[in-house]
Amino acid sequence: MTTPIRLVLDALAHAGPDDPLWGYKLTELTGLGSGTIYPIMERLESGEFVTARVETPRPADRPPRRFYELTGTGRELAADAQRAGTGRTFPWSIRIAGWASTP
Amino acid sequence: MVDPHSRLGEYAMTDRGDKYGFVLIFTGMLFAFVAATAIELAYGSFYEALAISGIIFFSSFALGLLASVLIPIFFPKQIGRPSLRRMPANKTDAARPLEQTALVRALAGLAAMLAGSRHVHLREAWAADLYGDPDTAELPNMSRRLKLAAGDVVAALRCRLDDAVIAAWRPADALFASYRGSRMAIVTPIVVAVGLVLGHEGFYGLITNADNLGVIATAPYLTIKGLRKYRQIPAPKRPERKTSPADGAKR
């Protein structure tokens, strides 16, 4: 598993159910470009590790966002990735997101 | 699909500007073929003709791509698109800052075109990204939007490349997952090799070529086993033999 995939899985695993992530947010959290994020999301979606849904209700002033959430298999994969990636440090933005979501 | 009411949506739905790029690409291709034929007829040098036509082809391809991005920016009126520099100043809707960034729109349109029909859902996601995070109500600045749009073009190309790789692996995956197919792929080369050696050198040839035949026998087996592991395809089980009532009677 590559580091970008591990970063994306980690960001998705830290996202709360009421605060799903979309492409722009993922680029901010992981520090990766949209050119890397979207091919990864497409692969994860085709492998059924991630589900995607369009924002509802559709906003009137901008296009709707495409939210991504981990499936059960995706959570297992994220946990495996976290175990395998020991010793690697994630960008400060992910760590802050993790701390912020901790009650 | 992109929201057709948004300006970005309007851009993604039309392909008038991109047509100019394609015209340039195909004209270049045609010119390359004509030039190659003329050079070969004049000098009789095939490789020289190949090299020159290759240079013409690739430079016309690059020029075509550049034109499909630049023409909508500098000549919007000529290709029937609304001029970006004459936007009404009193527009206050959220889409206004995007209307001013022609290069971003051109890149978004290029990404949408490159992504193709399999990734049509990404167009909307990319368009939404250009509006940033609605929770903070701050639109990304110009350089960030440019970076996002350029990233979308890269994403579109990578998605298409992934599709091509998946399509290329599909027949091989089917072979690895099939017991009979894998057996055939392993057995056929060695049977052919043994047949050829017997035909040319006789039975004694099998002994003298034993090392080569050993490699021919093991290489497909190891390749299939390795690729199965790489593609995470479980080894197929041997199909059970059908037992006929006659077999039971014999016992």
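Just so it is clear, the structure is predicted and the values come from calculations on it, not from any experiment.

**Comments concerning the overall build of chain B**
Phase 1 of the analysis: When its secondary structure is counted, chain B shows 11 helices and 0 strands.
Phase 2 of the analysis: Scanning chain B from its N terminus toward the C terminus, one meets helices and strands in the order α-α-α-α-α-α-α-α-α-α-α.
Phase 3 of the analysis: The buried share of chain B, reckoned over its 251 residues, is 22%.
Phase 4 of the analysis: Taking contacts inside chain B between residues at least 6 apart in sequence as the whole, the part at least 24 apart equals 67%.

**A word on the overall build of chain A**
Phase 1 of the analysis: Within chain A one finds 5 helices and 2 strands.
Phase 2 of the analysis: Each helix (α) and strand (β) of chain A, taken in turn from the N terminus, gives the series α-α-α-β-β-α-α.
Phase 3 of the analysis: Among the 103 residues that make up chain A, the fraction classed as buried is 40%.
Phase 4 of the analysis: Pairs at least 24 residues apart make up 60% of the contacts formed inside chain A by residues separated by at least 6 positions.

**Some points on the nonpolar core**
Phase 1 of the analysis: Judged by nonpolar contacts, the single largest core of 44 residues is most densely connected at A:V8, A:A11, A:L12, B:L107, B:A108 and B:A111.
Phase 2 of the analysis: Of all the secondary-structure elements, those providing two or more residues to this core are α1 (3-14), α2 (23-30), α3 (34-46), β2 (66-70) and α4 (72-84) of chain A together with α5 (102-115), α6 (121-129) and α7 (142-177) of chain B.
Phase 3 of the analysis: Considering every element that reaches this core, the biggest residue donor is α5(B), with 9 residues.

**What about the interface of chain B and chain A?**
By a frequent convention, interface size equals the accessible area lost on bringing the separate parts together.
Phase 1 of the analysis: The interface of chain B with chain A comprises 26 residues on the first partner and 17 residues on the second.
Phase 2 of the analysis: The dominant element in the side of chain B that touches chain A, judged by the number of residues it contributes, is α7(B), at 9 residues.
Phase 3 of the analysis: Grouping the constituent residues of the side of chain B that touches chain A by class yields 12 nonpolar, 5 polar and 9 charged.

**Comments concerning the packing of α5(B) against α6(B)**
Residues and elements named next belong to chain B.
Phase 1 of the analysis: Close contact between α5 and α6 brings their axes to 9 Å; oriented N to C, the two are set at 160°. The angle between α5 and α6 falls in the class roughly antiparallel. Regarding α5 and α6, the two cross each other, and that crossing is right-handed. Touching A108, A111, A112 and A115 of α5 are L122, R123, W126 and A127, all from α6.
Phase 2 of the analysis: Taken together, the residues of the contact of α5 with α6 break down into 7 nonpolar, no polar and 1 charged.

**Considerations on the confidence of the model for chain B**
Detailed reading of the predicted model is not advised wherever pLDDT is low.
Residues and elements named next belong to chain B.
Phase 1 of the analysis: Overall, the predicted model of chain B reaches an average pLDDT of 74, with 71% of residues at or above 70.
Phase 2 of the analysis: Helix α10 (residues 210-230) holds the highest mean pLDDT among the elements of chain B, 89, whereas helix α1 (residues 7-13) holds the lowest, 40.
Phase 3 of the analysis: Between residues 1-17, whose pLDDT stays under 50, and residues either more than four places distant or in other chains, the model counts 44 contacts.
Phase 4 of the analysis: With pLDDT under 50 throughout, residues 83-97 is counted as low confidence; its partners more than four residues away or in other chains account for 16 contacts.
Phase 5 of the analysis: The ipTM value of the predicted complex is 0.78, and its pTM value is 0.57.

**Here's the deal with α2(A)**
All names here are of chain A.
Phase 1 of the analysis: Here α2 lies mainly inside the structure; 7 of its 8 residues are buried.
Phase 2 of the analysis: When α2 is considered as a whole, its buried residues turn out to be G23, Y24, K25, L26, T27, L29 and T30.
Phase 3 of the analysis: Directly beyond the C-terminal end of α2, a positive phi value near 80° is found at G31.

**Topic: unusual backbone geometry**
Phase 1 of the analysis: With an omega of -10°, the peptide bond running from A:T56 to A:P57 counts as cis.
Phase 2 of the analysis: With respect to the helices and strands, the residue A:P57 is situated in the loop between β1 (50-54) and β2.
Phase 3 of the analysis: In this structure, B:Q232 takes a positive phi of about 55° despite not being glycine.

**Here we look at the environment of A:P64**
Phase 1 of the analysis: Among the secondary structure elements, A:P64 is positioned in the loop between β1 and β2.
Phase 2 of the analysis: Looking at A:P64, the number of C-beta atoms within 10 Å reads 18, which means it is partly exposed.
Phase 3 of the analysis: If sequence neighbours within four positions are ignored, A:P64 has contacts with A:V54, A:E55, A:R58, A:P59, B:E124 and B:A128.

**Regarding α1(A)**
Phase 1 of the analysis: End to end, α1(A) covers 16 Å across 12 residues, agreeing with the expected 16 Å (1.5 Å per residue, within 8%).
Phase 2 of the analysis: For α1(A), every residue scored as buried is listed here: A:R6, A:L7, A:V8, A:L9, A:D10, A:A11, A:L12 and A:H14.

**Points about the packing of α1(A) against α3(A)**
Residue and element names in this part refer to chain A.
Phase 1 of the analysis: Between α1 and α3, the least distance of the axes is 10 Å, while the angle of their chain directions is 75°. By the angle class used here, α1 and α3 are roughly perpendicular. Contact residues: α1 offers P4, I5 and V8, while α3 offers T36, I37 and I40.
Phase 2 of the analysis: Here the residues of the contact of α1 with α3 sort into 5 nonpolar, 1 polar and no charged.

What counts and how
Residues numbered from 1 in each chain as written. Chains lettered and ligands numbered in written order. Predicted model: local features only at pLDDT ≥ 70, side-chain atom pairs only at ≥ 80, totals over all residues. Helix = DSSP H or I, 4+ residues; strand = E, 2+ residues; numbered from the N terminus. Buried ≥ 20, exposed ≤ 12 C-beta atoms within 10 Å, placed from the backbone. Contact = placed C-beta atoms within 7 Å. Core = buried A, V, L, I, M, F, W, Y, C linked by C-beta atoms within 7 Å. Nonpolar A, V, L, I, M, F, W, Y, C, P; charged D, E, K, R; others polar. Axes fitted to C-alpha atoms, helices over the stretch in contact; angles between N-to-C directions. Parallel < 35°, antiparallel > 145°, perpendicular 65-115°, else oblique. Left-handed = near helix turned anticlockwise from the far one by under 90°. pLDDT = per-residue confidence, 0-100. Expected span 1.5 Å × (residues − 1).

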